[in-house]
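What follows is each chain in one-letter form.
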Amino acid sequence: MTVVQFAKAKLKTLAGIYRQFGPSGLVDHFNLRDALFGKDKEDPYVSWVRKYDTLSVENLKAVSRRIAGFTLRPKISVVVSLYNTQSDYLEDMFDSVLNQLYPEWELSVVDDASVKPHVFETAQKYAKRDSRIKIRQRAVYGGLAASLNDALDDATGDYVAFLGHGDILAPHALYMIAEWLNKTPDAEILYSDEDKLDAGKRRYGPLFKPDWNCELFNGQYYTNHLLVIKRALIEAVGRMRAGFEGSQDYDLLLRALDRAKRPPVHIPFILYHWRVFPGVSTFSSDYLEFAKGAARRAIRESFERRGEQVDVIETGGFFQRVVRPAPVTWPRVSAIVSTDGHAEALEASLKGLQDKTDYPDLEIIVADSENRVPDGFGQHGVQVVGGMEPGNRSAALNRAAEAATGSVLLLLSTDVAVSEPNWLKEMIVNFSDPEVAVIGAKLLYRNNTLRHGGMLLGVGGCAGSFLEGAPSDYTGVFGYLGLARDVSCVAGDCLVIRKAVFDEVQGVDAEHLKGDFSDVDLCLKVRRAGYRILWTPFATLYYGEARNRAREPAAANRRGFRPDAAYLQEKWGETLLNDPFFSPNLSLKSTAYEFAFPPRIGKPWVE
């Protein structure tokens, strides 16, 4: 092998590790923990675990008291498929179930015709230790779907929890499931946060998940571990389906969602430790292309069951993109261009709409907040609306919306520049879902770093752009920046909103929020009315300013010099600090993905 061939092979290996295991996988591959953090400096996640995710003796006693006081004591069936599982991994899995603090469980295990005799022998040994452990052995290999269905044959619990054959449950995992079921007894599907175990059983790579995020789930199976589903619902949808191995849980959950009476419930605590490091073999890693193809097929079929024909294409890694068809007739869009009267910026913005945007029915209205747009702009099909209180951008926007004839409003700042012709269609096509009322675009600074990746509530007490400043091609944890997803808020620099919904929530607040944060308030009103808001990376535009000062959590804001921010905080209160699409285990000190010290959620057993 030549040096060049060796380098190419090594790069391919490292790319595979990164796609499957993320940055932490590369850290482990090169044994870089000491180099990165220093021998005397603790890994931030290790520190977080030690402070906030380690059970003391007092915690154990408090959990026992909570369990004793439960009104509901659901029985939870843990199902596992075994196949040639390494001996120590297998024993760790069994021990993690035996060590559960919550006693109302059973473990249903199927050995899928392992060729290594120790697998079933170990299962037999544990079955003799506890009558709650049920085991069976298949005569021939059937695959994940068949073996898990066999395990379900022996399950008698109210709920079913899915456990990988080499993975580990946190000791309080099933207790937390029962805790949440006592809080939300109508829950049919629950999922928790998770982290990974390296070769030395050290915890790393936590996945602090959002609450139910329908659009993100279309792009990837982010719920993953620990997944718990009501057994009656599993039976109602026909259990696991053969042919979806590697994505069988994804397919099952998609079918369960069709019948579930409420969205899945998220438990924002790490209850599952997933053994992930180079060398660990799983069906998904061994048969990656088959598993990815099964995931895309499962997504496509889920839309077909709802009467929608979509294409599902791979976008890298385990991610996929749902491509919705163009409507028979594109709705009329009324583009409201907000300007303070700078002619050059306004002219560039209008040129971007008229000459660079491919859209068949576009009305353009200029919202002149300073009443100084030259008369010449009110030509060539452009309507200028002014005459309001100078500087009141919200009043100008509302007046322009009143004049709009489109069923969709496009709110656009003159700071935004068009860079690709299909951006507006990429946004509008998402209105095929009647629950979606607002869509925001991906905005980049001129240096190709991120300006807007969806707004994160709570930063600086109000809101900030998620991962602002990240490289334009960075996808982030969960593929947040590479996939369309539900968000609580998008920036008003470029968003589309259904005109009927804009009217329903009475537009933007021109009395209290004349400029800054009116978009945040608008989005919160839209969500309060029961609609969804999406951010899409597939509509990309450029943002002209170096930074948007209105978003920075400035010291002046804390000193009370920002009446708009103070009003927003008073109006929305705790809502601003509890973004459902951002984990309470992550910090609001910045818009980056950083651990919260301490988390913004308390332990349910703390009295």
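Scroll up for the structure.
These numbers were taken from a predicted model, which means no experiment stands behind them.

Draft legend 1. Structural context of the overall build of the chain. Along the chain, the regular secondary structure elements total 20 helices and 23 strands. Buried residues in the chain amount to 55% of all 607 residues. A fraction of 77% describes how many contacts in the chain between residues 6 or more apart in sequence connect residues 24 or more apart. Of the accessible surface of the chain, which amounts to about 25700 Å², a share of 52% is contributed by carbon and sulfur atoms.

Draft legend 2. Spatial organisation of the nonpolar core. Judged by nonpolar contacts, the single largest core of 101 residues is most densely connected at F162, I229, V520 and V526. Excluding residues within four positions of it along the chain, V526 makes contact with A437, V438, I497, V501, V505, Y531 and I533. In this structure, I76, L82, L98 and L190 belong to the second largest nonpolar core, which totals 43 residues.

Draft legend 3. Representation of unusual backbone geometry in the model. In this chain, H225 is followed by L226 through a cis amide linkage whose omega measures -10°. With respect to the helices, strands and loops of the structure, L226 is situated in the loop between α9 (214-219) and β8 (227-230). Following F597, the chain continues to P598 via a peptide bond in cis, the omega torsion being 5°. Within the secondary structure, P598 sits in the segment after α20 (563-572). Not every positive phi belongs to a glycine, and N224 is a case in point at roughly 45°. For N224, a relative accessible area of 16% puts it in the buried group. Here the phi dihedral of Q506 falls at roughly 65°; this positive angle occurs in a residue that is not glycine. Within the secondary structure, Q506 is located in the loop between α17 (499-504) and α18 (518-528). The class for Q506 is exposed, based on a relative accessible area of 69%.

Draft legend 4. Structural detail: the pairing of strand β9 (residues 265-275). Judged by how many residues are buried, β9 sits mostly within the fold: 10 of 11 residues are covered. With 8 bridges joining them, strand β6 (residues 189-197) and β9 adopt parallel strand pairing. Note that in β9 the partner of L190 across the bridge is V265.

Draft legend 5. Fine view of empty space enclosed by the protein. All chains considered together, the criterion is met by 3 cavities of 30 Å³ or more. Within this model, the largest cavity holds a volume of roughly 80 Å³. Along the walls of the largest cavity sit G454, M455, L456, F466, Y480, R485, D486, V487, S488, D579, F581 and F582, which together make up its complete lining. Elements that contribute at least two residues to the lining of the largest cavity include exactly β19 (455-457) and β21 (485-486). Its residues assigned to classes, the lining of the largest cavity comprises 7 nonpolar, 2 polar and 3 charged. In terms of lining residues, the second largest cavity is bounded by W48, Y52, D53, P268, F269, I270, N585, P599, I601 and K603.

Draft legend 6. Region of the structure containing the pattern of salt bridges. Per the stated rule, a full pass over the model turns up 40 salt bridges. Of the charged contacts, one joins R203 and D53 as a salt bridge, the two residues approaching to 2.6 Å between their closest N and O atoms. Residue R203 is found in strand β7 (residues 203-207), and its partner D53 is found in the loop between α3 (44-52) and α4 (57-68); the two are separated by 150 residues along the sequence. Across the pair, D53 and R203 agree in class, each one buried. Of the charged contacts, one joins D198 and R202 as a salt bridge, the two residues approaching to 2.7 Å between their closest N and O atoms. D198 gets classed as buried once you look at its relative accessible area, which sits at 2%. Look at R202 and you get partly exposed, because its relative accessible area is 44%. In the salt-bridge network here, residues are joined through shared partners; they are E215, R324, D433, E435, D486 and R532.

Draft legend 7. Inspection of the packing of α18 against α20 at higher detail. Running from amino to carboxyl end, α18 crosses α20 at an angle of 15°, the nearest separation of the two axes being 11 Å. What the angle tells us is that α18 and α20 run roughly parallel. In terms of crossing hand, the pair formed by α18 and α20 is left-handed. Counted together, V520, D521, L524, K525 and R528 of α18 and L568, K571 and W572 of α20 form the full contact between these two elements.

Draft legend 8. Inspection of helix α14 (residues 343-355) at higher detail. Here α14 is 13 residues long and its end C-alpha atoms lie 17 Å apart, about the 18 Å a rise of 1.5 Å per residue gives. Taken residue by residue, α14 has L346, S349, L350, G352 and L353 as its buried positions. Looking down the long axis of α14, one finds its buried residues gathered within 155° of arc, a one-sided arrangement. For α14, exposure combined with an orientation more than 90 degrees from the buried face picks out E344, E347, A348 and D355. Looking at the packing, one finds that the buried side of α14 touches β12 (333-339), β13 (362-368), β14 (382-385), β15 (408-413), β16 (416-418) and α16 (423-428).

Draft legend 9. The side chain of R255, seen in detail. Mapped onto the fold, R255 is located in helix α11 (residues 248-259). The buried category is assigned to R255, whose relative accessible area is 7%. Excluding its chain neighbours within four sequence positions, the residues that come into contact with R255 are V237, G238, R239, M240, R241 and R305.

Draft legend 10. Structural context of the environment of V438. The topology assignment puts V438 in strand β17 (residues 436-445). Not counting residues within four places of it along the chain, the set of residues in contact with V438 comprises F431, V490, L495, V496, I497, V526, R532, I533 and L534.

Draft legend 11. Structural view of the pairing of β17. By the criterion of burial, β17 is predominantly enclosed, with 10 of the 10 residues buried. Taken together, the 9 bridges between β17 and strand β23 (residues 532-543) define a ladder with parallel strand orientation. Looking at β23, one finds that I439 is bridged to L534. Bridge count between β17 and strand β18 (residues 450-452): 2 bridges; the pairing is antiparallel. From the neighbouring strand, L443 faces β18, where its bridge partner is H452. With antiparallel pairing between neighbouring strands as the criterion, β17 and β18 make up a hairpin whose turn holds 4 residues, including N448 at a positive phi of roughly 65°.

Draft legend 12. Here's a closer look at the packing of aromatic side chains. As enumerated under the stated definition, the model contains 25 aromatic pairs in all. Residues W212 and F217 carry aromatic rings whose centres are separated by 5.0 Å and whose planes lie at 50° to one another, so their mutual orientation is tilted. Of the two residues examined, W212 and F217, each falls in the buried class. Here the aromatic residues Y191, W212, F217, Y221, Y222, Y250, F466, F478, Y480 and F582 are joined through ring pairs into a cluster of three or more. Lying across the ring of F303, R306 places its NZ or CZ 4.4 Å from the centre. The residue whose ring lies beneath R321 is F538, and the NZ or CZ to ring-centre distance is 3.8 Å.

Cut-off values and rules
Residues numbered from 1 in each chain as written. Predicted model: local features only at pLDDT ≥ 70, side-chain atom pairs only at ≥ 80, totals over all residues. Heavy atoms only, no water. Helix = DSSP H or I, 4+ residues; strand = E, 2+ residues; numbered from the N terminus. Buried < 20%, exposed > 50% of the residue type's maximum accessible area, 1.4 Å probe, protein only. Contact = heavy atoms within 4.5 Å. Areas by Shrake-Rupley, 256 points an atom, 1.4 Å probe, with all protein chains shown as cover. Core = buried A, V, L, I, M, F, W, Y, C linked by side-chain atoms within 4.5 Å. Pairing = 2+ DSSP bridges. 1 Å grid on protein atoms, 1.4 Å probe; cavity = no way out; pocket = protein on both sides within 12 Å on 5 of 7 lines; lining within 4 Å. Points joined across faces, edges and corners; volume = space filled by probe spheres on them. Nonpolar A, V, L, I, M, F, W, Y, C, P; charged D, E, K, R; others polar. Salt bridge = Lys/Arg side-chain N within 4 Å of Asp/Glu carboxyl O. Axes fitted to C-alpha atoms, helices over the stretch in contact; angles between N-to-C directions. Parallel < 35°, antiparallel > 145°, perpendicular 65-115°, else oblique. Left-handed = near helix turned anticlockwise from the far one by under 90°. Expected span 1.5 Å × (residues − 1). Arc of directions from axis to C-beta. Phe/Tyr/Trp six-rings, centres within 6.5 Å; stacked < 30°, edge-to-face > 60°. Lys NZ or Arg CZ within 6 Å of the ring centre and 35° of its normal.

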